[in-house]
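Below are the chains, spelled out letter by letter.
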Amino acid sequence: MFGIIDDGHLHLNDTGQMAQTCWNEIPDHFPHVRLDAFVVMPNHVHGILFISKNVIVGAKNFSPLQPNRQAKGTSKTIGSVIRGFKVGVTKWVRQNTSIQNVWQRNYWEHVIRSEPELKGLREYIHNNPNRWSLDRLYIAP
């Protein structure tokens, strides 16, 4: 979908380059988000986002509505950020290829709670292309 990995080197196709571009543009649409490690793999992406403090971080992190109060939007949730990223890539793919379905439903999220964990996840993302041949969906180039 996004390119190939040959001998540990990532070669993005146009769709992979668009996924990279959409990721890089996240802070333009969500100024409370800072980007960290990211990699586009042939069939998925890995990335770390930092969300500013005092911002709702998940779609279910809310209080019950009080009478006569309006519901607040979800534009500051991790869900809205990932949804925006996926929509951007999907829109480009549908306009420029014959592919209609780009992403699986939902996404995997994890709250990073320590510097050692952050360091380990950054290394995992950075080294992911070198481990591509071990992926269960790997297809040799």
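Scroll up to find the structure this text is about.
Residues numbered from 1 in each chain as written. Predicted model: local features only at pLDDT ≥ 70, side-chain atom pairs only at ≥ 80, totals over all residues. Heavy atoms only, no water.

Brief notes about the overall build of the protein
For step 1, the next point in the chain: Across its full length, the protein holds 4 helices and 4 strands.
For step 2, the next point in the chain: Mapped in sequence order, the helices and strands of the protein form the string β-β-α-α-β-β-α-α.
For step 3, the next point in the chain: Within the span of the protein, comprising 141 residues, buried residues form 29% of the whole.
For step 4, the next point in the chain: Put simply, of all contacts in the protein between residues at least 6 apart along the chain, 53% involve residues at least 24 apart. (Helix = DSSP H or I, 4+ residues; strand = E, 2+ residues; numbered from the N terminus. Buried < 20%, exposed > 50% of the residue type's maximum accessible area, 1.4 Å probe, protein only. Contact = heavy atoms within 4.5 Å.)

Some thoughts on the pairing of strand β2 (residues 9–12)
For step 1, the next point in the chain: Both strand β1 (residues 3–6) and β2 contribute to a ladder of 4 bridges, which runs antiparallel. Bridge pairing in β2 links Gly3 to Leu12.
For step 2, the next point in the chain: Joining the antiparallel neighbours β1 and β2 is a turn of 2 residues, in which Asp7 adopts a positive phi near 55 degrees. (Pairing = 2+ DSSP bridges.)

Considering the packing of aromatic side chains
Two descriptors summarise a pair of aromatic rings, namely the distance from one centre to the other and the angle between the planes of the rings.
For step 1, the next point in the chain: The full count for this structure, using the stated rule, is 5 aromatic pairs.
For step 2, the next point in the chain: For the ring pair Phe38 and Phe85, a centre distance of 6.4 Å and an interplane angle of 85 degrees mean the geometry is edge-to-face. Of this pair, Phe38 sits in strand β3 (residues 33–40) while Phe85 sits in helix α3 (residues 78–96); the two residues are 47 residues apart in sequence, bridging distant segments of the chain.
For step 3, the next point in the chain: Members of the aromatic cluster, joined through ring pairs, are Phe2, Trp23, Phe38, Phe85 and Trp103.
For step 4, the next point in the chain: Across from the ring centre of Phe50, 4.3 Å away, lies the NZ or CZ of Arg34, which sits over that ring. (Phe/Tyr/Trp six-rings, centres within 6.5 Å; stacked < 30°, edge-to-face > 60°. Lys NZ or Arg CZ within 6 Å of the ring centre and 35° of its normal.)

Some details on the pattern of salt bridges
For step 1, the next point in the chain: Enumeration over the complete set of coordinates arrives at 2 salt bridges.
For step 2, the next point in the chain: Asp36 serves as the salt-bridge partner of Arg122, at 2.7 Å between the closest nitrogen and oxygen. Of this pair, Arg122 sits in helix α4 (residues 115–127) while Asp36 sits in strand β3, placing them 86 residues apart in sequence.
For step 3, the next point in the chain: The exposure class of Arg122 is partly exposed, given its relative accessible area of 32%.
For step 4, the next point in the chain: Among the ionic pairs, Lys119 bridges to Glu123, the shortest N-O distance being 3.8 Å. With Lys119 and Glu123 both in helix α4, this residue pair falls 4 residues apart, about one helical turn.
For step 5, the next point in the chain: For Lys119, a relative accessible area of 52% corresponds to the exposed category.
For step 6, the next point in the chain: Overall, Glu123 belongs to the partly exposed group, its relative accessible area being 41%. (Salt bridge = Lys/Arg side-chain N within 4 Å of Asp/Glu carboxyl O.)

What about the nonpolar core?
For step 1, the next point in the chain: The biggest cluster of nonpolar side chains holds 17 residues, and the ones touching the most others in it are Ile26, Leu49, Phe85 and Val89.
For step 2, the next point in the chain: Going through the elements one at a time, α1 (14–24), β3 and α3 are the ones with two or more residues in this core.
For step 3, the next point in the chain: If one sorts the elements of this core by residue count, α3 sits on top with 6 residues.
For step 4, the next point in the chain: Apart from the residues lying within four places of it in its own chain, the contact partners of Ile26 are Val33, Leu35, Leu49, Val81 and Phe85.
For step 5, the next point in the chain: Ranked by size, the runner-up nonpolar core spans 8 residues in total, among them Ile5, Ala37, Ile48 and Trp132. (Core = buried A, V, L, I, M, F, W, Y, C linked by side-chain atoms within 4.5 Å.)

Scope: geometric values only; no functional claims are made or implied.
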